[in-house]
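A look at the structure
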Amino acid sequence: MSSLSRELVFLILQFLDEEKFKESVHKLEQESGLFFNMKYFEEKVLAGEWEEVEIYLSGFTKLDDNRYSMKIYFEIRKQKYLEALDRHDRAKAVDILVQDLKVFSAFNEELYKEITLLLTLENFRENEQLSKYGDTKTARSMMLAELKKLFEANPLFREKLVFPTFKASRLRNLINQSLNWQHQLCKNPKPNPDIKTLFTDHTCSSPNGARVPSPVTLPIAAVSKPAVYGLPGALSGPFQTVAGTPSANALAGWLANANASSSVQTALIAASALSVQPNQASTLKQARTPSPGLQIIDYQSNGQEQLMKRLHSAQSVEEVSCPANSQQSLWSLDNLPRNVARTIHQGSTVTSMDFHPFHHTLLIVGCANGEIALWEVVLQERLLYMPFKIWNVVTHSVAQATVSKDLSVSVNRVAWSPEGSFIGIAFSKHLIHLYAHQAPHTLRQHIEIEAHAGGVNDLAFSSPYKQLCVVTCGDDKLIKVWTLTGRKLYVFEGHAAPVYSVCPHLKENIHFIFSTDIDGKIKAWLYDNAGSRVDYDAPGQGCTTMLYSTDGSRLFSCGTNKEGDSFLVEWNESEGSIKRTYSGFRKKAAGVVKVDTTQNQFLAAGEDNQIKFWDMDNTSMLASTDAEGELLSFPYLKFNKEGNLLAVTAENGFKILANAEGLRYLKASERRSYEISRAPADPSLMKSGIDVIARSTENSRALEDVSDKTKSWVLAEIVDPVQCQSVSMPDSGDQGIKVSRLVYTNLGTGILALGSNGVQKLWKWSSSEHNPRGKATAGVVPQHWQPNSGLRMINDVPDSSEEKFPCLALSKNDSYVMSACGGKISLFNMMTFKVMTTFMPPPPVSTFLAFHPQDNNIIAIGMEDSTVHIYNVRVDEVKTKLKGHEKRITSLAFSTKLNILVSAGTDAKLCFWNTDTWDKRESIKVQLPAGKEASGDTRVQFHFDQLHLLVSHETQIAVYDASKMVPIRQWVPQDGLTAPITHAAYSCDSQLVYAAFTDGNIGVFDAEYLRLRCRMAPSAYLSQTQLKGHNVYPLVVAAHPDEPNQFAVGLTDGTVQVLEPSASEGKWGIKAPANPGTQSGRTMASSATSNPSN
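The paragraphs below set out a description of the structure included in this document. (Residues numbered from 1 in each chain as written. Predicted model: local features only at pLDDT ≥ 70, side-chain atom pairs only at ≥ 80, totals over all residues. Heavy atoms only, no water.)

Quick look at the overall build of the protein chain
Within the protein chain, the secondary structure is distributed over 16 helices and 61 strands. Split into buried and exposed, the 1094 residues of the protein chain put 57% on the buried side. Pairs at least 24 residues apart make up 57% of the contacts formed inside the protein chain by residues separated by at least 6 positions. As displayed, the protein chain offers around 45200 Å² of accessible surface, 50% of which is attributable to carbon and sulfur atoms. (Helix = DSSP H or I, 4+ residues; strand = E, 2+ residues; numbered from the N terminus. Buried < 20%, exposed > 50% of the residue type's maximum accessible area, 1.4 Å probe, protein only. Contact = heavy atoms within 4.5 Å. Areas by Shrake-Rupley, 256 points an atom, 1.4 Å probe, with all protein chains shown as cover.)

Re the sheet that holds strand β17 (residues 534-537)
Pairing is antiparallel in the open sheet, where four strands are placed in the order β14-β15-β16-β17. Edge positions in the sheet fall to β14 (499-507) and β17, since each of these pairs with one other strand and no more. Taking the axes of each pair of neighbouring strands and ignoring which way they run, one obtains an average angle of 20 degrees across the sheet. As defined by bridge partners, strand β15 (residues 510-517) adjoins strand β16 (residues 521-526) across five bridges and the pair is classed as antiparallel. (Pairing = 2+ DSSP bridges. Axes fitted to C-alpha atoms, helices over the stretch in contact; angles between N-to-C directions.)

Let's talk about the packing of aromatic side chains
Taken as a whole and judged by the stated rule, the model has 32 aromatic pairs. The residue whose ring lies beneath lysine 764 is tryptophan 785, and the NZ or CZ to ring-centre distance is 4.2 Å. (Phe/Tyr/Trp six-rings, centres within 6.5 Å; stacked < 30°, edge-to-face > 60°. Lys NZ or Arg CZ within 6 Å of the ring centre and 35° of its normal.)

Digging into the state of the cysteines
In this structure the tally under the stated criterion is zero disulfides. For cysteine 821, which is in no disulfide, the shortest distance to another cysteine sulfur is to cysteine 807 and amounts to 8.1 Å. Classification of cysteine 821 by relative accessible area gives buried; the value is 0%. (Disulfide = S-S within 2.5 Å.)

A few points about the pattern of salt bridges
Scanning the entire structure with this criterion turns up 32 salt bridges. Here glutamate 83 and arginine 140 are joined by a salt bridge, their closest N and O atoms 2.7 Å apart. Taken together, the positions of glutamate 83 in helix α5 (residues 67-86) and arginine 140 in helix α8 (residues 136-153) put the pair 57 residues apart, joining distant regions of the chain. Taking relative accessible area as the criterion, glutamate 83 reaches 4% and is therefore assigned buried. With a closest N to O distance of 2.8 Å, lysine 507 and glutamate 573 form a salt bridge. With a gap of 66 residues between them, lysine 507 in strand β14 and glutamate 573 in the loop between β20 (566-572) and β21 (577-582) connect regions that are remote in the sequence. Across this residue pair, the class does not change: lysine 507 and glutamate 573 are buried. (Salt bridge = Lys/Arg side-chain N within 4 Å of Asp/Glu carboxyl O.)

A short note on the nonpolar core
Core analysis: the largest hydrophobic core is formed by 44 residues, its most contacted members being Phe36, Phe41, Tyr81, Leu101 and Phe151. Looking at this core element by element, the count peaks at 10 residues for α5. Contacts of leucine 101, omitting those with residues within four sequence positions, involve Phe74, Arg77, Lys78, Tyr81, Ile96, Tyr112 and Ile115. By size, the runner-up hydrophobic cluster in this structure holds 21 residues, among which are Ile718, Ala985, Tyr1021 and Leu1059. (Core = buried A, V, L, I, M, F, W, Y, C linked by side-chain atoms within 4.5 Å.)

Section: the sheet that holds strand β18 (residues 543-548)
If you walk across this open sheet you meet the four strands as β18-β19-β20-β21, and the pairing is antiparallel. In the strand order of this sheet, the two ends are held by β18 and β21, each with one partner. If you compare each strand with its neighbour and ignore which way they point, the axes differ by 25 degrees on average. Direction of pairing for β18 relative to strand β19 (residues 555-560): antiparallel, over a ladder of six bridges. Bridge assignment links threonine 544 to a residue of β19, and that residue is glycine 559.

Overview of the side chain of serine 740
Checked against the element boundaries, serine 740 lands in strand β32 (residues 739-744). Not counting chain neighbours up to four residues away, the residues in contact with serine 740 comprise Leu754, Gly755, Ser756, Pro806 and Val1036.

Structural notes on helix α6 (residues 90-101)
All buried positions along α6 are accounted for by Ala93, Ile96, Leu97, Asp100 and Leu101. The buried residues of α6 all sit within an arc of 115 degrees when viewed along its axis, so they share a single face. Among the exposed residues of α6, those pointing more than 90 degrees away from its buried face are Ala91 and Gln99. (Arc of directions from axis to C-beta.)

Considering the pairing of strand β43 (residues 867-872)
Most of β43 is tucked away, with six of its six residues classed as buried. In β43, alternate side chains face the same way, and those of Thr867, His869 and Tyr871 on one face and Val868, Ile870 and Asn872 on the other are all buried. Counting the residues in the hairpin turn of strand β42 (residues 855-863) and β43 gives three residues, including serine 866, whose phi is positive at 85 degrees. Summarising the sheet, β43 and strand β44 (residues 877-883) pair through six bridges and their orientation is antiparallel. From the neighbouring strand, valine 868 faces β44, where its bridge partner is leucine 882. What sits between β43 and β44 in their antiparallel hairpin is a turn of four residues, with aspartate 876 showing a positive phi close to 55 degrees.

Quick look at the environment of methionine 831
By the element assignment, methionine 831 lies in the loop between β39 (825-829) and β40 (835-839). Between the C-alpha atoms of methionine 831 and proline 787, which are 44 residues apart in sequence, the distance is 6.9 Å.

Quick word on the environment of phenylalanine 851
Here phenylalanine 851 is to be found in strand β41 (residues 846-852). Considered as a pair, phenylalanine 851 and isoleucine 861 are 10 residues apart in the sequence and their alpha carbons are 8.8 Å apart. In contact with phenylalanine 851, other than residues within four places in its own chain, are Ala809, Leu810, Ser811, Tyr816, Met818, Asn856, Ile858, Ile859 and Phe894.

Considerations on the side chain of histidine 26
Inspection of the secondary structure puts histidine 26 in helix α2 (residues 22-32). Of the polar contacts made by the side chain of histidine 26, one reaches the side chain of glutamate 29; its length is 3.0 Å. Excluding anything up to four places from it in sequence, histidine 26 contacts Asn37, Tyr40 and Tyr56. (Polar contact = N/O pair within 3.5 Å; in protein donor to acceptor, adjacent residues only side chain to side chain.)

Digging into the packing of helix α1 (residues 3-18) against α2
Contact geometry of α1 with α2 gives a least axis separation of 8 Å together with a crossing angle of 160 degrees. When the axis of α1 is compared with that of α2, the two are roughly antiparallel. Crossing geometry of α1 relative to α2 is assigned as left-handed. Between α1, through Val9, Ile12, Leu13, Leu16 and Asp17, and α2, the contact on the second element is made entirely by Lys22, Ser24, Val25, Leu28, Glu29 and Ser32. The residue inventory of the contact of α1 with α2, partitioned by class, reads six nonpolar, two polar and three charged. (Parallel < 35°, antiparallel > 145°, perpendicular 65-115°, else oblique. Left-handed = near helix turned anticlockwise from the far one by under 90°. Nonpolar A, V, L, I, M, F, W, Y, C, P; charged D, E, K, R; others polar.)

Thoughts on α2
The set of residues buried in α2 consists of Val25, His26, Glu29 and Gln30. The arc that holds every buried residue of α2, seen down its axis, measures 125 degrees, which confines them to one face. What points out from α2, more than 90 degrees from its buried face, is the exposed set Glu23 and Glu31. Those residues of α2 that are buried lie in contact with α1, α3 (38-46) and α4 (50-58). Positive backbone phi, at 65 degrees, marks glycine 33, one or two positions downstream of α2.

Structure follows, in structure tokens:
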């Protein structure tokens, strides 16, 4: 349907509603599928008219469209089933179970069995999960609240929940305009024409000579103009006028409801609302976590769900995932980090802390005496300590003069940048310091900025227009935005008191900043010079901090006023009003309460020498802890990103609190603890200018690997199956079929393989007594998973005998997979195995696929003709073609930190492309052995840090510094590993490199120095049949996304194997008792082609 046709439907809907044709309105809504009338849907649900509810819903989505749609249908049918049980109408309940709920058993059989068992109970409330089920009316209202969240999260309902804003009686006005135009064309226009029909064009028939045309107004009787109506709440109703209509824009919602105390005049508010740029028209609420009850699906962040809007079938690319238990059933007090795991002495009062965004146990600390420290909290080790000093005394004369008179410079705020590459420090006197963080624990002075006159009260990072910036506020009542080079981009002026805090945020590509001052005034700013868009009073009108939930969907504020009253509230962002106020604070406290959020579910605040916790959906305090005493009166607190650790300030230091999961992890780390080596570095490494790192924080999830780089290892030879753990995927061996591509699912619960015949197979592990986490493991045989329909994921494969070049790319949320095998690229639903669409038919043939890491609508496609196509799925168009290779493309890798795409080909060339402009930055040749011609696949993969690049070729493994586009380390086949390399891959923490060889051997290397740690012979993992067969060896290697010591290999006979170290070892390789092992990797020289001498 064209855009104008869609708009015409909306005009007709408005007309029908104004004319009171209610049934026709809802019928057209359903048949057109353009506007989902939430008010009508609510009425039908609350009335229990379930048949009409599903009929209306069917106009917008089907049960199997995506996970959200499935959950919507499930909740409706579950409610209908429970109501039948509540009426003791067992016959009706059985009918609903068989006719309506049976379909869900294909996705979650255990849940279906649990629902069936409710028939055996006299009262279904005896079921623990349903014990709080109230009366029918309350249950329907609670279900509606959950359905609204699902509708907002469902990509099929995007832009369908809010009726377009236009003037009332718009269709009649258009007709009037048309009649006026027709009347002006009359040869003999009458002053008061009589309009009797709209079926034919108007004309004045009187021959009385020409007269001045008069405006034509359609008679009121012809088209009446009744009062408009609107839906309650954030979902603005249809058929509304422009004036007085609440905007769906989060910021505009605040504007529309600005209170009388606002210093911004009404006219200016209207003007500023109109000044928002077109791409800043609206912000969407993100999905929230489901509430109690029997659940079939958990829904998650939906940042990638616009991928396939162009699909003619309107199918969603979302996977339907069906965990057996509800999310709510997993929430307990054990989720709260309340147990003291570490008590760390800093030596001075800690004023601010922040965990690294990815290394979840790396904590930056700022103190009242101006010093900062970097801590590895599990090892309780201070990695760095830096007292306050002015870096450039000459430049910062004002700061120097102030500090010389007053030595009490304290840290007001420390913060990591979103990607963890910078640390910002805001001081109480004028300055901010920016440090560049270089793994594992090196901080380099980046820039010092004299940011404000007086104290710098807060600091935060933001990335407007894809440029990382620093936002600061201070005693001079200003908010400023700085580039990382110290250039001032914006100065926001408008507060009448010192600015206490800033909260930059991004929603739907709209970057904005909330700011609060010490008098509790809240303002909001876009990155322009148009002034504040919002002027609100925070509850209590005191020092207030604003913050979002982890997923950015919910906004909170917490503060304490001058009278000592503290307020913690959640805001309704759409309306600019307070949604709920949390209770539990002590009256008349002397200080300012600090707050943080975690897991999109919990709030924590420090007050009265305690840490207090709330469930975001409950205003009553959930729990509190004094952390075994010695907390400050108003402790500062900070969760790590995982939410399993909480840092809280105590006297002269801080404490680390852990939840049940965190404690289990810490105990496991203690059992596997080892002494950190301080041995001097290998002299050969010192010559290259690279020092041995004493300890590493690269792998925050597996802290036992922290000091692996300093261990001395001897080569471990694995030749017998008892020396490792392995499991072969069932139904994975196919005669004459090779495993061409292999990847773990992002959750680590399955493995996906693409064969040389274009057929994809999926294996899944499920939770069990032996595998409670349900993760991939060599200790349990997985299931060869297929949907009940029996569909298989089979690519379009041409009949020609030409080489096929199988390739695949898996979406970040495991919802769909894109693959090709010589023919068109196919998009498969990972739950149903249905082909959702095909595109890009050859020629040329696709040879490699890679999703853009920040936009799943953008795909980089390597081609047989040596080009790379940048394809936009949304508009079904190749946006640009990158030309720089001479032969077939064999690999692609993105770096978000460097904003580059690296391509590799059989020409042994690496090309570096700018992902903003798609210009080529550089191209370099892989350094091949003397006399070796460029041939074979070259593969590339970025390190965890997004700076180092692993390059594998049949002749070598190499590590490149991608920022400088130069090689820094190389290993070539030698000693017992002399066969050509087939594939190599980083472990999930980038501490190891797994490499496979054509003779069946597998090598495990230390990633930093490419030192061979472990050699695995074919006899260790191949069966006797395979060993006797014809040259069976691994073609591809895949690393588990969470387990650093687990990897999988795809073999030339179609078999897939998962490999892990023996349970007794737990790691690949053996620690040397004394002298360090020899180095097998070497530092690259410009013309080096041979191995170093030992």
